[in-house]
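Fold and geometry: a report
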Amino acid sequence: MTEIEYKIYIDDVIRRVESARLRVSDHHIVKIVAISKYSKSDEIEKLYNIGQRAYGENKVQDLKVKAIELDELPIEWHFVGNLQKNKINNLLDINPALFHALDSMELAIELQKKLEAKDMTFNALLQINSAKEDSKHGVMPEIAKDIYEQIQKKCPNINLKGVMSIGANSDDKEIIRNSFITTHNIYKEIESATICSMGMSGDFEMAIECGSNMVRLGSVMFNK
Ligand SMILES: *Cc1c(COP(=O)(O)O)cnc(C)c1O
């Protein structure tokens, strides 16, 4: 695609986000994080030139390589993947704007230790396994609010900003919708939460209708 064609293509994605958010309310603002894990730095640069500023990766090593390659652009980097304990220091060195997948108390405690040692703070979302799938990370919905409050109490260097979830892996739209509603209900219960990160290329309109205010769009943003 030429840049003009790509612009027209992206305008259409933005229009889809826009109509979904207007179905919620005029005041419901949704942020797009472009997930660049299948894309190379030159593709990110093309999208950057069209106006997209926030990008997310799901592997610490990939995030590091691309952050260095695109050093000159003021990109807002997100980390959306699951974090192994032995990669914590590497991630903190890159200091992303937001970590979407804090998925256990145990990881929070480890993160807190490292953050304290480096005298830094870190923005994160609690990942919720709303559809209770074995294949997914995240805390169970029943205990999510409690874990959230425990992290707030025990981990002063972690700034919890809200919740994140991946829609249920199902062909049944109602099952997917219910998983988003479950996550959004938890989000509403936590007064201090400001970010509800849910919705990917295949289900972002439904996620927005269920209250998401941050969508993580990979393939649809890069036309893959
Ligand atoms: C890959 C990924 C996405 C984007 O997936 P698409 O279906 O390509 O939009 C969103 N969130 C997470 C956590 C991912 O790993």
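Above this note sits the structure.
Residues numbered from 1 in each chain as written. Predicted model: local features only at pLDDT ≥ 70, side-chain atom pairs only at ≥ 80, totals over all residues. Heavy atoms only, no water.

A short note on the packing of helix α1 (residues 3–24) against helix α2 (residues 41–50)
Taken N-terminus to C-terminus, the directions of α1 and α2 make an angle of 70 degrees; their axes are 10 Å apart at the nearest point. Here α1 is positioned roughly perpendicular relative to α2, judged by the angle of their axes. Of α2, the residues touching α1 (which contributes Y6, K7 and I10) are K46, L47 and I50. Of the residues in the contact of α1 with α2, the class split is four nonpolar, no polar and two charged. (Axes fitted to C-alpha atoms, helices over the stretch in contact; angles between N-to-C directions. Helix = DSSP H or I, 4+ residues; strand = E, 2+ residues; numbered from the N terminus. Parallel < 35°, antiparallel > 145°, perpendicular 65-115°, else oblique. Contact = heavy atoms within 4.5 Å. Nonpolar A, V, L, I, M, F, W, Y, C, P; charged D, E, K, R; others polar.)

A few points about the site of the ligand
With respect to spatial proximity, the complete set of residues near the ligand consists of I35, K37, Y38, N58, V80, M164, M200, S201, R216, L217, G218 and S219. Take R216: an N or O atom from its side chain is 2.9 Å from a nitrogen atom of the ligand. With respect to the ligand, the backbone of G218 contributes an N or O atom lying 2.8 Å from an oxygen atom. Protein contact buries 88% of the 390 Å² of open area that the ligand shows by itself. (Near = heavy atom within 4 Å. Polar contact = N/O pair within 3.5 Å; in protein donor to acceptor, adjacent residues only side chain to side chain. Areas by Shrake-Rupley, 256 points an atom, 1.4 Å probe, with all protein chains shown as cover.)

A look at the nonpolar core
Among the nonpolar cores identified, the biggest contains 64 residues, and F99, L102, L111, I151 and I158 are the most heavily contacted of them. Setting aside its immediate chain neighbours within four residues, I151 contacts L102, M105, A108, L126, I158 and L160. One finds V80, L125, M164 and I195 within the second-largest nonpolar core, a separate group that totals nine residues. (Core = buried A, V, L, I, M, F, W, Y, C linked by side-chain atoms within 4.5 Å. Buried < 20%, exposed > 50% of the residue type's maximum accessible area, 1.4 Å probe, protein only.)

Things to note about the pairing of strand β3 (residues 76–79)
Direction of pairing for strand β2 (residues 54–57) relative to β3: parallel, over a ladder of four bridges. From the neighbouring strand, Y55 faces β3, where its bridge partner is W77. Chirality of the crossover, the property in question, places the unit of β2, helix α3 (residues 60–69) and β3 among those that are right-handed. Pairing geometry for β3 and strand β4 (residues 98–102), over two bridges, is parallel. By the bridge assignment for β4, H78 is matched with L98. Considered for its hand, the β-α-β crossover made up of β3, helix α4 (residues 88–94) and β4 is right-handed. (Pairing = 2+ DSSP bridges. Right-handed = clockwise from strand over helix to strand, strands pointing away.)

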